[in-house]
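# An overview of the molecular structure
Take a look at the letters that make up each chain.
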Amino acid sequence: MKYLRQLKLSQLKNKTCLLRVDLNIESPGKDAFRLQAILPTIKFLIKNGAKVVILSHRGRPKINLKSSPCGRSREARQISSLKNFSLKPFAGILSQLLGKPVRFIDFRNEFRASKIHKIITITRDSIFLLENLRFLPEEEKNDSRFAKFLASLGDIYINDAFAVSHRENASVEAITKFLPSYAGFLLEKEIENLDAVIKKSKKPLVVILGGAKVSDKIGLINNFLKSADYFLIGGAMANTFFALQGLPVGDSFYEKTRIDEKITREITRKIILPIDTVLYKRKILDIGPETAKKYNEIIQKAETIIWNGPMGMFEDKKFAKGTEVIAAAVFKNKKAKIVIGGGETIASLKLTTKNRNLFLSTGGGAMLEYLAGEKLPGIEALKNN
Ligand code: 3PG
């Protein structure tokens, strides 16, 4: 795999870099975590004389279009009421963060490659942001012609979007077939930190898992079943384990899923379930204080900690205590190498990155898949470039 830091600076001068990032952020003004994470790469490219065309998706807009790649502006214009998915608000925010104008290009108006190319080359601006690529169905179809169209806008492709590297999308995978392609600083940092906990973790290794579904995390549990000392379970996924053991869960959410015996055998050994919970209207919505205390004791002994998913329905203050106590416990442990992910959920806990052993991953699903030992199409494509 080629890394951006290996490029000779002269190779960047007067070049246009297509930079894939992940701006899949629900509240543009509020959540700066993913935005902050991509700034070093953008600043580096600009400083070294390159123009940057930022590519991203946002959300999962439903598009019912029969548009052709690089297709017809008329068809592209049919996309309406997709305002909440637009990347437009990010142009202003990025511009503020970078102290430079960021020109927004809405390909629904300026869809022809030649026209966009002209805007990029003739204007004095150096940073451009294309509208949400998922406004075109070709993006998620990993369409080659669409990837070629995107590639025609630049000279170099950089993937700094770890969080979407598990998706076989045109701007993540297919595009690498048409341009020299590199991993950006953020992608490199993600790989380095996640590899460190997979391959070189010091023991005891404690994996804290929360959130709604066990099924999302089965791969990770399997991959760490041997190396981890404890899995501390919270969130609605604990209900699935309770139900498996025939324990009552009231009206709580749980999955009627089959779980490998290899995993269920570890319940009460490596897999630790809550011993008390917070109930509301017959629903389990948080871990209880005794559980938090027990988890804290285990966390303080850890040399490596991986955390994905909240311990309860933390969006509601009444059920945020479990997650807050676990966050405080994790931060109290100054000796452990800590990797926390789960997209905006954990990031919104306002965790500080001052602890130098801490790595906050921008990945949600991507982090889970990477830690499950799966090959991510975006990363594999860079390796094959
Ligand atoms: C994420 O937020 O996890 C990524 O942006 C991927 O989004 P997706 O699950 O909609 O592909």
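These numbers come from a predicted model, not from an experiment.

## As for the site of the ligand
- For the ligand, the full set of nearby residues is Asp22, Asn24, Arg34, His57, Arg60, Arg134, Ala163, His166 and Arg167.
- One of the side-chain nitrogen or oxygen atoms of Asn24 is found 3.0 Å away from an oxygen atom of the ligand.
- Isolated, the ligand exposes 310 Å² of accessible area, and the fraction of that covered by the protein chains is 87%.
- Its residues assigned to classes, the shell around the ligand shows 1 nonpolar, 3 polar and 5 charged.

## Some details on the sheet that holds strand E7 (residues 205-209)
- Reading across from one edge, E9-E8-E7-E12-E13-E14 is the order of the 6 strands in this open sheet, with parallel pairing throughout. With one partner strand each, in any of the chains shown, strand E9 (271-272) and strand E14 (358-360) form the two edges of the open sheet.
- Where strand E13 (residues 337-341) meets E14, 3 bridges bridge the pair, whose relative direction is parallel. Bridge assignment links Val339 to a residue of E14, and that residue is Phe359.

## Let's talk about the packing of aromatic side chains
- One pass over the full model with this rule turns up 4 aromatic pairs.
- When the centroid spacing of 5.0 Å and the interplanar angle of 70° are considered together, the rings of Phe44 and Phe185 count as edge-to-face. In this pair, Phe44 sits in helix H1 (residues 33-47) while Phe185 sits in helix H7 (residues 185-199), placing the two residues 141 residues apart along the sequence.
- A relative accessible area of 25% places Phe185 in the partly exposed class.
- Where Phe146 meets Phe149, the ring centres are 5.8 Å apart and the plane angle is 20°; that geometry is what we call stacked. Of the two residues, Phe146 and Phe149 are both situated in helix H6 (residues 144-151); the distance of 3 residues between them amounts to about one turn of the helix. Accessibility assignment for this pair places Phe146 and Phe149 in one class, buried.
- When the ring centre of Tyr3 is taken as reference, the NZ or CZ atom of Arg5 above it lies at 5.1 Å.
- Here the basic side chain of Lys318 rests over the ring of Tyr280, its NZ or CZ set 5.5 Å away from the ring centre.

## Quick notes on the confidence of the model for the chain
- The share of residues in the chain with pLDDT of 70 or more is 90%, and the mean pLDDT across the chain is 90.
- Low pLDDT (under 50) marks residues 71-78, which in the prediction has 15 contacts with non-local residues, meaning those over four places away or in another chain.

## Remarks on empty space enclosed by the protein
- Evaluated as defined, the whole model comprises 1 cavity of 30 Å³ or more.
- There is about 40 Å³ of room inside the largest cavity.
- Looking at the largest cavity, the residues that line it are Asp22, Arg34, Ile38, Asp160, Ala161, Phe162, Ala163, Leu186 and Thr362.
- Grouping the amino acids of the lining of the largest cavity by side-chain chemistry returns 5 nonpolar, 1 polar and 3 charged.

## Overview of unusual backbone geometry
- Note that the residue after Lys203, namely Pro204, is joined by a cis bond; omega there is 0°.
- Within the secondary structure, Pro204 sits in the loop between H7 and E7.
- Phi is positive for Thr268, close to 75°, though the residue is something other than glycine.
- Phi angles above zero are rare outside glycine, and Lys281 is one such case at about 45°.
- One can find Lys281 in the loop between strand E10 (277-280) and strand E11 (283-287).
- Overall, the relative accessible area of 65% leaves Lys281 in the exposed class.

## Topic: the environment of Gly322
- Inspection of the secondary structure assignment puts Gly322 in helix H12 (residues 321-332).
- With relative accessibility at 3%, the residue Gly322 sits in the buried group.
- Residues Gly322 and Pro310, 12 residues apart in the sequence, show an inter-C-alpha distance of 8.3 Å.
- Discounting residues that sit within four places of it in the chain, Gly322 has contacts with Asp286, Ile287 and Met311.

## Topic: the side chain of Lys217
- Along the polypeptide, Lys217 turns up in the loop between E7 and helix H8 (218-224).
- Lacking a salt bridge, the buried Lys217 has Asp216 as its closest oppositely charged neighbour, with an N-O distance of 5.2 Å.
- Not counting residues up to four positions away in its chain, the partners in contact with Lys217 are Leu209, Gly210, Gly211, Met237, Asn308 and Leu368.

## Focus on the pairing of strand E4 (residues 127-130)
- Going residue by residue along E4, you find Ile127 and Leu129 tucked away on one face and Phe128 and Leu130 tucked away on the opposite face as well.
- As defined by bridge partners, strand E2 (residues 51-55) adjoins E4 across 3 bridges and the pair is classed as parallel. The residue of E4 that forms the bridge with Ile54 is Leu129.
- As paired elements, strand E3 (residues 102-105) and E4 share 4 bridges and run parallel to each other. The residue bridging Phe104 from the neighbouring strand is Leu129, located in E4.

## Topic: the nonpolar core
- Within the largest apolar cluster, 65 residues are counted, with the highest numbers of intra-cluster contacts made by Leu130, Phe162, Phe231, Ile233, Phe241 and Ile271.
- Among the nonpolar cores identified, the runner-up in size contains 31 residues, and Ile42, Phe90, Ala91 and Leu94 belong to it.

## Considerations on the side chain of Thr176
- Its location among the elements puts Thr176 in the loop between strand E5 (156-159) and strand E6 (181-183).
- By relative accessible area, Thr176 is classed as buried at 7%.

## Considerations on the environment of Ile198
- If you trace the backbone, Ile198 turns up in helix H7.
- Between the C-alpha atom of Ile198 and that of Ile263, which follows or precedes it by 65 residues, the distance is 19 Å.
- Apart from the residues lying within four places of it in its own chain, the contact partners of Ile198 are Phe224, Tyr370 and Leu371.

Analysis parameters
The residue count restarts for each chain, going from 1 along the sequence in the order it is written. Residue-level local features of this predicted model are given only where pLDDT is at least 70; pairs of side-chain atoms are given and counted only at 80 or more, and the full residue set underlies all totals for whole chains, interfaces and linings. No hydrogens and no water enter the side-chain calculation; it runs on all heavy atoms of the structure. Whether a residue is near a molecule or strand depends on its heavy atoms: if one lies within 4 Å, it is near. Here a polar contact is recorded for every N or O atom pair within 3.5 Å, except that within protein the pair must consist of a potential hydrogen donor and a potential acceptor, and residues adjacent in sequence are included only if both atoms are side-chain atoms. Using a 1.4 Å probe, accessible areas were evaluated by the Shrake-Rupley method; residue-level cover was limited to the displayed protein chains. Residues were grouped as follows: Ala, Val, Leu, Ile, Met, Phe, Trp, Tyr, Cys and Pro as nonpolar; Asp, Glu, Lys and Arg as charged; and all remaining residues, including Gly, as polar. Paired strands, in this sense, are two strands between which DSSP finds at least two bridges. Going along the chain from the N terminus, every DSSP run of H or I of four or more residues is numbered as a helix, and every run of E of two or more is numbered as a strand. Pairing of aromatic side chains here covers Phe, Tyr and the six-membered ring of Trp, requires ring centres within 6.5 Å, and sorts the geometry by plane angle: under 30 degrees stacked, over 60 edge-to-face, intermediate tilted. Here's how the labels work: a residue is buried when its accessible area is under 20% of the maximum for its type, exposed when over 50%, partly exposed in between, all with a 1.4 Å probe on protein chains only. In our convention, an over-ring charge means Lys NZ or Arg CZ found within 6 Å of a ring centre and within 35 degrees of that ring's normal. Each residue gets a pLDDT score, which is the predictor's confidence in that residue and runs from 0 to 100. Between two residues, a contact is recorded if the distance between any of their heavy atoms is within 4.5 Å. Think of a 1 Å grid over the protein atoms and nothing else: a 1.4 Å probe that fits but is trapped marks a cavity, an open set flanked by protein within 12 Å on at least five of seven lines marks a pocket, and residues with an atom within 4 Å of a point count as lining. Grid points are joined across faces, edges and corners, and a volume is the space filled by probe spheres set on the points. In this charge count, Lys and Arg are treated as positive and Asp and Glu as negative; neither His nor the chain ends contribute. Here, a salt bridge means any side-chain nitrogen of Lys or Arg that lies within 4 Å of a carboxyl oxygen of Asp or Glu. The term nonpolar core refers to a set of buried residues drawn from Ala, Val, Leu, Ile, Met, Phe, Trp, Tyr and Cys, joined through side-chain atoms within 4.5 Å.

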